[in-house]
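Descriptive structure summary
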Amino acid sequence: MRVSIVGTGYVGLVTGACLAEVGHHVVCTDSDESKIQTLESGGLPIYEPGLDGVVARARKEGRLKFSRNPKEIVEAGDAIFICVGTPPLPNGDADLSAIDHVARTIATEARSPKLVIEKSTVPAQTGQELKRALTVYGRKSGISFSVASNPEFLREGTAVSDFLHPDRIVVGVENEASERQMKEIYAPVLERKFHCPVHAPACPEGPAPTWLVTTISSAELIKHASNSFLAMKISYANMVADLAERLGADIGEVVRAMGLDPRIGPAFLNAGLGFGGFCLPKDLQAFVHLAERSGVDFSMLKEAEKINHKRIGRFYEKIKNSLWVVKGKQIAVLGLAFKPNTDDVRFAPSIDLIEQLASEGAHIRAYDPEAMDRARAVLPNIDYAKSAYDAVKDAEALVIATEWDEFRKLDWDRVRNSMARPLILDARNLLSPRAMKAFGFEYQSFGRPD
Ligand SMILES: NC(=O)c1ccc[n+]([C@@H]2O[C@H](COP(=O)([O-])OP(=O)(O)OC[C@H]3O[C@@H](n4cnc5c(N)ncnc54)[C@H](O)[C@@H]3O)[C@@H](O)[C@H]2O)c1
């Protein structure tokens, strides 16, 4: 099938590359010309494990192309996925102006019927507005448009695998023809008829993805409801961690036992600095606003948001209690990305924490395996180290802000010997308190006994 992708960020690029990988002919565009330039010259504008190989193969085999020309994109696809950003407005609502802009381009450039698919995360009822916009902007051409919602559940860091091996594919449609088109797009994924770039030589046995056809509003609601639930789960675990800390219990033991209950499950129960990234914080906010606008008092979501905001303050207190005076202290920060295996620093708690420490006069030397270039754009005035060992040299405290696996495996004797004071403040509960004490560190984390 001929597919077009508008927006080649994390979601658009993974969607385009994976749909090309499974056999479709895909053309992608982005309003940011530098991204298209990078892609055309064989580079990737984002770090995502495994994506480079998928993009390179699909390009070589002629199924994946990039273009700066919106007209070409609209002509190229029978189905057009909208994967643009939906960032928060100052009031917390989702900014849908990029979606509106894309709708105008599609409606004015289309010369044949199109299926326009929302893959960006949008509030319920956006599909209706999108349909109306396409009809209004395209009224002179008389071309018909169908709209579908296909929320994306991939996680940065494991996005290729998540896209090709999803547990469910949700499609919200307005008619049977759109349902058939969506099924055709996803047939290779549903039937696992592709050469898997993640698992060699063969994918592990497992249940096929569940194919869920819903109304457009339900599909939109499913995405916001899922992300808000995950955010609440993290905030819940963080509150239990605070309680565990007061009562001398160990949050690691508590959530492990909780997670073994299949009604609860182990994911998203890690206590720490709280959630960040381009999805949970903004989707939670947008969901709160949607509920308010709809006259529903969903105040438990506001609590989850409030708890998350307070995590940085809670951790800052730990730093202050350990260092006494923060001003003038040399602090090593390991981890800048909002989570491991990505270079994404959008709404990363590490960034807020560093800003607070720097504003109090601490000297920060930070290191992240992948996110340093992106961090430099938002934190230009701190020092960046070449490695974790370089970061900790002469530091009076080491803060772990992102749980990259490579930080778990550091040579801790070497780290201790090069620090001015062997103090670790672990905001992600990455390390074992007992092991760190055995290495001779003072060690602080969340919700675990000293
Ligand atoms: N990142 C994730 O893990 C993830 C997961 C699921 C869903 N989502 C949702 O998917 C959407 C995209 O997220 P992302 O992380 O890929 O964002 P992103 O910022 O990485 O990518 C969005 C891209 O859209 C481009 N763009 C903006 N306006 C445009 C326009 N008018 N025409 C063409 N291109 C335009 C931007 O230049 C950017 O490259 C958001 O709604 C997000 O909530 C993200």
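Since the structure is predicted, the reported quantities are computational estimates derived from the model, not experimental observations. Within any chain, residue numbers begin from 1 and follow the written order of that chain's sequence. A pLDDT threshold of at least 70 governs which residues receive local features in this predicted model, and a stricter bar of 80 or more applies before side-chain atom pairs are shown or counted, although totals over entire chains, interfaces and linings include all residues. Neither water nor hydrogens contribute to the side-chain values; these are computed over all heavy atoms in the structure.

Now for unusual backbone geometry. Between A200 and P201 the backbone carries a cis peptide bond, its omega angle lying at -5°. The numbering of helices and of strands both runs from the N terminus, where a helix is a DSSP run of H or I of at least 4 residues and a strand a run of E of at least 2. When you line up the elements, P201 lands in the loop between α8 (176–190) and β8 (210–214). Residue R192 is not a glycine yet carries a positive backbone phi of 55°. Mapped onto the fold, R192 is located in the loop between α8 and β8. Three exposure classes are used, based on accessible area relative to the maximum for each residue type with a 1.4 Å probe and protein chains only: buried under 20%, partly exposed in between, and exposed over 50%. Taking the relative accessible area as the measure of exposure, R192 reaches 29% and is therefore partly exposed.

This part is about the environment of N429. Inspection of the secondary structure puts N429 in the loop between β13 (423–426) and α18 (433–438). With 28 residues separating them in the primary sequence, N429 and A401 have C-alpha atoms 9.6 Å apart. Any two residues having at least one pair of non-hydrogen atoms within 4.5 Å are treated as being in contact. The residues contacting N429, other than those within four sequence positions of it, are I251, A271, S445, F446 and R448. A polar contact of 2.8 Å, which involves the side chain of N429, links it to the backbone oxygen of F446. Distance and chemistry together define a polar contact, namely a pair of N or O atoms within 3.5 Å, with one atom able to donate a hydrogen and the other to accept it when in protein, and with adjacent residues in sequence counting only for side-chain atoms on both sides.

Below, the discussion takes up the environment of A401. Mapped onto the elements, A401 comes out in the loop between β12 (397–400) and α16 (405–408). Residues A401 and A362, 39 residues apart in the sequence, show an inter-C-alpha distance of 16 Å. Sequence-distant contacts of A401, defined by excluding residues within four places in its chain, comprise L273, V333, L334, G335, S350 and R428.

We now examine the site of the ligand. Any residue with a heavy atom positioned within 4 Å of a molecule or strand is treated as near that molecule or strand. Around the ligand there are 26 residues in total, and D30, K35, T86, E156 and K282 lie nearest to it. D30 places a polar side-chain atom, nitrogen or oxygen, 2.6 Å from an oxygen atom of the ligand. Each accessible area is a Shrake-Rupley estimate made with a 1.4 Å probe; only the visible protein chains count as cover when residues are assessed. In isolation the ligand exposes 820 Å². Once the protein is present, 88% of that is buried. Elements with a minimum of two residues in the shell around the ligand: α1 (10–21) and α5 (97–109). At three residues, α5 tops the list of elements feeding residues into the shell around the ligand. When its residues are assigned to classes, the shell around the ligand shows ten nonpolar, eight polar and eight charged. The nonpolar class holds Ala, Val, Leu, Ile, Met, Phe, Trp, Tyr, Cys and Pro. Asp, Glu, Lys and Arg form the charged class, and all remaining residues, Gly among them, are polar.

A separate point is the side chain of T29. Inspection of the secondary structure assignment puts T29 in strand β2 (residues 25–29). Discounting residues that sit within four places of it in the chain, T29 has contacts with I5, V6, G7, T8, I36, S67, R68 and I73.

For the rest of this paragraph, the subject is the sheet that holds β2. Any two strands with at least two DSSP-identified bridges between them are counted as paired. Ordered by their spatial adjacency, eight strands build an open sheet running β3-β2-β1-β4-β5-β6-β7-β8, and the pairing between neighbours is mixed. The open sheet terminates on both sides in strands that have one partner only, identified here as β3 (64–66) and β8. Each strand axis lies, on average, 25° off the axis of its neighbour in the sheet, ignoring direction. Fitting a line to C-alpha atoms yields each axis, with helices limited to the stretch in contact; the angle taken between N-to-C directions then spans 0 to 180 degrees.

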